[in-house]
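Here is how the chains run, residue by residue.
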Amino acid sequence: MDYLLTEEQQMLQELALQIAHDRIKPVRAELDEHEIFPTELMRDLAQADLFGVIIPEQYGGLGLGCMENCLVLEALSTGCVGIATTFAATFLGAYPFLLYGSEDQKKRYLPPLAKGDHLAAFALTESQAGSDAGAIQTTAVRDGDSYILNGTKQWITNAGEAGIYTVIALSDRSKGARGASAFIVEADDPGISFGKKEQKMGIRASVTREIVFQNCRIPTNRLIAKEGFGFVIALKTLDFSRPGVGALALGLAQAALEEAVIFARERQQFGHPIISFQAVQHMLANMATQLEAARALVYAVARAIDHDPKEFSKESAMAKLFPTDMAMQVTTDAVQILGGHGYMREYPVEKMMRDAKILQIFEGTNQILRNVIGQALNKEFSKKR
């Protein structure tokens, strides 16, 4: 389907697709099998200026929007979602100070991110604060011209590899969630350390670790916006980033669909390619239709966000919820179409199925996102009565 992309968008998409085909696909199985961090591939993406997509031109970026970011993430995910997640996590880490940071913070941190000199990470989740993000226990206590951070963040993408971290911590425990603030922490700050590399079911080329703060002292100018604004920043960050997760799902599902069609055309049973059988055709038809519907939704929401709406939490949740459920179904069906072959590591669809699951979990589980959508609908209709 023609989505009427601009010439610039087409060029960006083609560049990312070329990198996915030429650089990512040949090594994805090895990186997944041995859980190798894709350092060289991050350098390739930096050389292609892709780290600068959403960063304004005055800070060394391309000054583009959510739509362009989604196109890049979708394209890279046709190669490997783990590698694309590593790339995407830097934008997640950058959004808090991109949206709410001071001019000094933007001048200090955005240019090296735009060049790909540093990766970034977003540290919100804790062992008892997953879907219930308000249950965080990490604290940031003011001490003169510094804040002292103590606590542990869990399951943080790019932890230990990133140079810049945005951290949500309680600056006033007595206020609960309203006492949370957002801070910028650098990898070489005293008192920050990282836990073991987690062994995951999927996206194994990405790194997931704990971040431990033990009397981590940072200057007060690392506070983003103002004290007590942390959860506003976190929620708005997720509103901007969730369509990107939907885009990861699009690329993954596209790759799985292509593998299934190619196999179905080549695999002979009862003297015919299995794509000639109606049962297989119907599976492929459903996969393709669901994928196209999800793509239309992600693109529509991304374009809407680029027009700076006042509120888009509901639409952002939809753009993550529907595509990630779709990707889980499409990759499962791809394994089914390949049969015994699909269950073997020699074929990429088993990896794709493993990778798909996390997309339904991180940046808001799909159950929580249904709550977000339902609450928004309730609020909208209460105003109409």
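Quick note: structure is the one above.
As a starting point, this report considers the structure included with it. (Residues numbered from 1 in each chain as written. Predicted model: local features only at pLDDT ≥ 70, side-chain atom pairs only at ≥ 80, totals over all residues. Heavy atoms only, no water.)

For the protein chain, the helix and strand inventory stands at eleven helices and ten strands. For the protein chain, the C-alpha radius of gyration of 21 Å lies close to 21 Å, the compact-globule estimate for 385 residues. In terms of principal-axis extent, the alpha carbons of the protein chain reach across some 80 × 55 × 40 Å. With 385 residues in all, the protein chain has 55% of them scored as buried. Residue pairs at least 24 apart in sequence account for 75% of intrachain contacts in the protein chain once pairs closer than 6 positions are excluded. For the protein chain, the accessible area works out to roughly 17,400 Å², and carbon and sulfur atoms hold 51% of it. Charged side chains in the protein chain number 39 positive and 46 negative. The centres of these two groups are separated by 6 Å. (Helix = DSSP H or I, 4+ residues; strand = E, 2+ residues; numbered from the N terminus. Rg over C-alpha atoms; globule rule 2.2 N^0.38 Å. Buried < 20%, exposed > 50% of the residue type's maximum accessible area, 1.4 Å probe, protein only. Contact = heavy atoms within 4.5 Å. Areas by Shrake-Rupley, 256 points an atom, 1.4 Å probe, with all protein chains shown as cover. Lys, Arg positive; Asp, Glu negative; His and termini not counted. Charge placed at Lys NZ, Arg CZ, Asp CG, Glu CD.)

Once that is clear, we can look at the pattern of salt bridges. In this structure the tally under the stated criterion is 20 salt bridges. Among the salt bridges present, the one from Asp-172 reaches Lys-175, with a minimum N-O distance of 4.0 Å. A salt bridge links Asp-189 to Arg-222; its shortest N-O distance comes to 2.8 Å. Here the residue Asp-189 occupies a position in the loop between strand S5 (180-186) and strand S6 (192-194), and Arg-222 occupies one in the loop between strand S7 (208-219) and strand S8 (223-224), the gap between them amounting to 33 residues. Residues Asp-189 and Arg-222 agree in their burial class; the two are buried. Each of Asp-32, Arg-204, Glu-350 and Arg-354 takes part in a single network of salt bridges with overlapping partners. (Salt bridge = Lys/Arg side-chain N within 4 Å of Asp/Glu carboxyl O.)

One pair of aromatic rings is described through two measures. These are the centre distance and the angle between the planes. Inspection of the entire model under this criterion finds eleven aromatic pairs. Taken together, a centroid distance of 5.8 Å and an interplanar angle of 50 degrees make the contact between Phe-97 and Tyr-109 tilted. In this pair, Phe-97 sits in helix H5 (residues 81-100) while Tyr-109 sits in helix H6 (residues 103-115), placing the two residues twelve residues apart along the sequence. Seen in terms of ring centroids, Phe-240 and Phe-312 are 5.1 Å apart; in terms of plane orientation they differ by 90 degrees. Their pairing is edge-to-face. Of this pair, Phe-240 sits in helix H7 (residues 230-266) while Phe-312 sits in the loop between helix H8 (278-305) and helix H9 (313-338), and the two are 72 residues apart along the sequence. For the pair Phe-240 and Phe-312, one class covers both residues: buried. (Phe/Tyr/Trp six-rings, centres within 6.5 Å; stacked < 30°, edge-to-face > 60°.)

The biggest cluster of nonpolar side chains holds 125 residues, and the ones touching the most others in it are Leu-76, Phe-87, Phe-97, Leu-149, Val-185 and Ile-337. Not counting residues up to four positions away in its chain, the partners in contact with Phe-87 are Met-42, Leu-45, Leu-50, Phe-51, Val-72, Leu-73 and Leu-76. (Core = buried A, V, L, I, M, F, W, Y, C linked by side-chain atoms within 4.5 Å.)

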